[in-house]
Amino acid sequence: MQHIHILGICGTFMGSLAQLAVAKGFKVTGCDANVYPPMSTQLEAAGIELIEGFDSEQLSLKPDIFVIGNAMSRGNALVEAILDEGLPYTSGPQWLHDNVLPGKWVLAVSGTHGKTTTSSMLAWILEYANMAPGYLIGGVPTNFSVSARLGDTPYFVIEADEYDSAFFDKRSKFVHYQARTLIINNLEFDHADIFDELKDIQKQFHHLVRTVPNNGLIVYPSNNNAVDEVLAKGCWSSKQSFDIASSYSGDSPDWSVELLESDGSSFKVFLSSEFVATVNWSQLGQHNIANAVVAMAAARHVGISPEIAAQALSEFSGVKRRMECLYSEKGVSIYDDFAHHPTAIATTLEGLRAKVGQEKIIALIEPRSNTMRMGVHQAALACAFTSADHVLWYSPDSIKWDIDSVIDKTTVDATRYNSIEKILDAAFNLCEDHKNHSIPVHIVIMSNGGFEGIHQQLIQRFK
């Protein structure tokens, strides 16, 4: 039995990879700086030994190879010991390429936004159609119990991230996956900690396009200049475009929709202008409609009809931390949402607004991602909250850019707080004020991290 030792095992990707490795028959151990639930619980349930920290004494485990996560950097004690001893090591994406993906029909979901949700939709459509896919998703789809599995057929759905692979491999993760069916949801500037400009990201996306075979398929937006520029560099595969707008500035897209409900809960789907299916489901917003359409297009490439895909989507229950309703009592609803980019924030709030009408929306935002902490999106953030009634910014000492300058340009009520206790008080008091006027209130907590446990603290206030 081969033994792998994973550095950074509690990250979403590496933890999922660890579970796949166990299912493949490998002995797996791992270490991380923060070994805690929920990932630690999943890993321990899989029989994986976890070690806190990165001390060089872990060399005594003598694994066949070390799998090094992209959060590891030079200077890490265990990394330095591995290099000094000349021991074998690889990246997570490369290990996946070598040990899990050979012989698989890989359906990869890429783009700045919507990767986790679209991957979850696509995996569920295949599951519903009795195709028993394997998958690796950067979140927990509520239609499944785990974030990754090997599956019983050659089909494998993967969330294809553009973040780099490791300190020794600066290519994007998705270059390793050899997709046969590729979704490019959208493309904007992000990850300012590793990319200097949009062109750097486009270069990586074209590396990805170069790996799709001639008999493969690329599903892409018809109205995204950044994606058009990538494909113009060269494309050797079949392509299908999509657009969910009601009118088009150029040629008609291959896939399009007609809204039946303004909140996106019901819509018709068209392929080459021919009606193919109607989707009635529990998801909301234009962004989720786009996610659904590309999932249907990718599923059709492996033989699933749009009608069957629409039936599957009617039973799609979402993804944890993607507008996940945590609490709803006495006129107050609290949601957990992963949005941390201006576009994702805006589309999420627009979807909720379309559903709740004139009811009150309060957005709590933690600028936690590397790009948000760097203040790269300041100019766009002021316009991202127009669908909310109140915006409560969390501004701890680690935030070095001027949130007040964003607040000054925001057209809705917005305030900055430097402690969790103060932002909890503000959110609770706003709700009490609206409850006094019998107005339902929706609180959306937006962060790609833990937000210092604010979710449960706020729920306890109301309980």
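Up top you'll find the structure we're talking about.
The rules we used
Residues numbered from 1 in each chain as written. Predicted model: local features only at pLDDT ≥ 70, side-chain atom pairs only at ≥ 80, totals over all residues. Heavy atoms only, no water. Core = buried A, V, L, I, M, F, W, Y, C linked by side-chain atoms within 4.5 Å. Buried < 20%, exposed > 50% of the residue type's maximum accessible area, 1.4 Å probe, protein only. Helix = DSSP H or I, 4+ residues; strand = E, 2+ residues; numbered from the N terminus. Contact = heavy atoms within 4.5 Å. Pairing = 2+ DSSP bridges. Expected span 1.5 Å × (residues − 1). Salt bridge = Lys/Arg side-chain N within 4 Å of Asp/Glu carboxyl O. Axes fitted to C-alpha atoms, helices over the stretch in contact; angles between N-to-C directions. Parallel < 35°, antiparallel > 145°, perpendicular 65-115°, else oblique. Left-handed = near helix turned anticlockwise from the far one by under 90°. Nonpolar A, V, L, I, M, F, W, Y, C, P; charged D, E, K, R; others polar. Disulfide = S-S within 2.5 Å. Polar contact = N/O pair within 3.5 Å; in protein donor to acceptor, adjacent residues only side chain to side chain.

Caption draft 1: Inspection of the nonpolar core at higher detail. Membership of the largest hydrophobic core comes to 49 residues, with the highest contact counts inside it found for Ile 6, Ile 9, Val 28, Leu 96 and Tyr 177. Top contributing element to this core by residue count: helix 1 (residues 12-23), with six residues. Discounting chain neighbours no more than four positions away, the residues touching Leu 96 are Phe 13, Leu 17, Leu 20, Leu 101, Pro 102, Leu 136, Ile 158 and Tyr 177. Core analysis: the second largest hydrophobic core is formed by 45 residues, Phe 144, Phe 242, Leu 271 and Leu 313 among them.

Caption draft 2: Layout of the sheet that holds strand 8 (residues 148-149). Across the sheet, which stays open at both edges, the 10 strands sit in the order 8-7-9-6-12-13-14-15-16-17 with mixed pairing between neighbours. Of all the strands in the sheet, just strand 8 and strand 17 (274-280) have a single pairing partner and so form its edges. With five bridges joining them, strand 6 (residues 105-110) and strand 9 (residues 155-159) adopt parallel strand pairing. The partner of Trp 105 across the bridge, within strand 9, is Tyr 155.

Caption draft 3: Examining unusual backbone geometry more closely. Here Lys 62, not a glycine, exhibits a phi torsion of approximately 50 degrees, which is positive. Among the secondary structure elements, Lys 62 is positioned in the loop between strand 3 (49-52) and strand 4 (65-68). In this model, Lys 330 sits at a positive phi of 50 degrees, which is unusual for a non-glycine residue. By relative accessible area, which is 70% here, Lys 330 ends up exposed.

Caption draft 4: How the structure looks around helix 10 (residues 342-356). With 15 residues, helix 10 should cover 21 Å at 1.5 Å per step; its first-to-last C-alpha distance of 21 Å lies within 8% of that length. All of the buried residues along helix 10 are Pro 342, Ala 344, Ile 345, Ala 346, Thr 348, Leu 349, Gly 351, Leu 352 and Val 356. Downstream of helix 10 by one or two residues, Gly 357 has phi in the positive range, about 65 degrees.

Caption draft 5: Quick look at helix 6 (residues 198-210). When the terminal C-alpha atoms of helix 6 are compared, their 18 Å separation across 13 residues agrees well with the 18 Å that a helix rising 1.5 Å per residue should span. Turning to helix 6, its buried residues are Ile 201, Gln 202, Gln 204, Phe 205, His 206, Leu 208 and Val 209. Packing partners of the buried residues in helix 6 comprise strand 6, strand 11 (169-172), strand 12 (181-184), strand 13 (217-221) and helix 7 (225-232).

Caption draft 6: Molecular detail of the environment of Leu 231. Residue position: Leu 231 is located in helix 7. Note on Leu 231: relative accessible area 8%, which makes it buried. Taking the C-alpha atoms as reference, Leu 231 lies 27 Å from Leu 126; in sequence the two are 105 residues apart. Filtering out sequence-adjacent residues up to four positions away, Leu 231 remains in contact with Val 209, Ile 218, Tyr 220 and Lys 239.

Caption draft 7: Here's a closer look at the pattern of salt bridges. Evaluated as defined, the whole model comprises nine salt bridges. Here Arg 149 makes a salt bridge to Glu 127, at a shortest N to O gap of 2.4 Å. Taken together, the residues span a long stretch of sequence, with Arg 149 in strand 8 and Glu 127 in helix 5 (residues 115-128) at a distance of 22 residues. For Asp 161, the salt bridge identified is with Lys 173, shortest N-O distance 3.5 Å. Here the residue Asp 161 occupies a position in the loop between strand 9 and strand 10 (164-166), and Lys 173 occupies one in the loop between strand 11 and strand 12, the gap between them amounting to 12 residues. In this structure Asp 161 comes out as buried when scored by relative accessible area, which is 17%. Taking the relative accessible area as the measure of exposure, Lys 173 reaches 9% and is therefore buried. Sharing partners across several salt bridges, the network here consists of Glu 421, Asp 425 and Arg 461.

Caption draft 8: Geometry of the packing of helix 5 against helix 8 (residues 286-301). Two numbers describe how helix 5 lies on helix 8: the axes approach to 9 Å, and their chain directions differ by 40 degrees. For the element pair helix 5 / helix 8, the angle class is oblique. Our pair here, helix 5 against helix 8, has a crossing hand that is right-handed. In this structure, helix 5 contributes Thr 117, Thr 118, Met 121, Leu 122, Ile 125 and Leu 126 to the contact, and helix 8 contributes Asn 288, Asn 291, Ala 292, Val 294, Ala 295, Met 296, Ala 298 and Ala 299. Looking at the contact of helix 5 with helix 8 residue by residue, the classes come out as 10 nonpolar, four polar and no charged.

Caption draft 9: Here's a closer look at the state of the cysteines. Following the criterion strictly, the structure yields zero disulfides and no others. Of all cysteine sulfurs in the structure, the one in Cys 31 sits closest to Cys 10, which takes part in no disulfide; the separation is 9.3 Å. Of all cysteine sulfurs in the structure, the one in Cys 431 sits closest to Cys 325, which takes part in no disulfide; the separation is 13 Å. Judged by its relative accessible area of 41%, Cys 325 is partly exposed.

Caption draft 10: A look at the side chain of Ser 333. With respect to the helices and strands, the residue Ser 333 is situated in strand 19 (residues 332-337). Assessed through its relative accessible area of 8%, Ser 333 is described here as buried. In terms of polar contacts, Ser 333 uses its side chain to reach the side chain of Ser 328, at 2.9 Å.

Shape is all these values report; function is a separate question.
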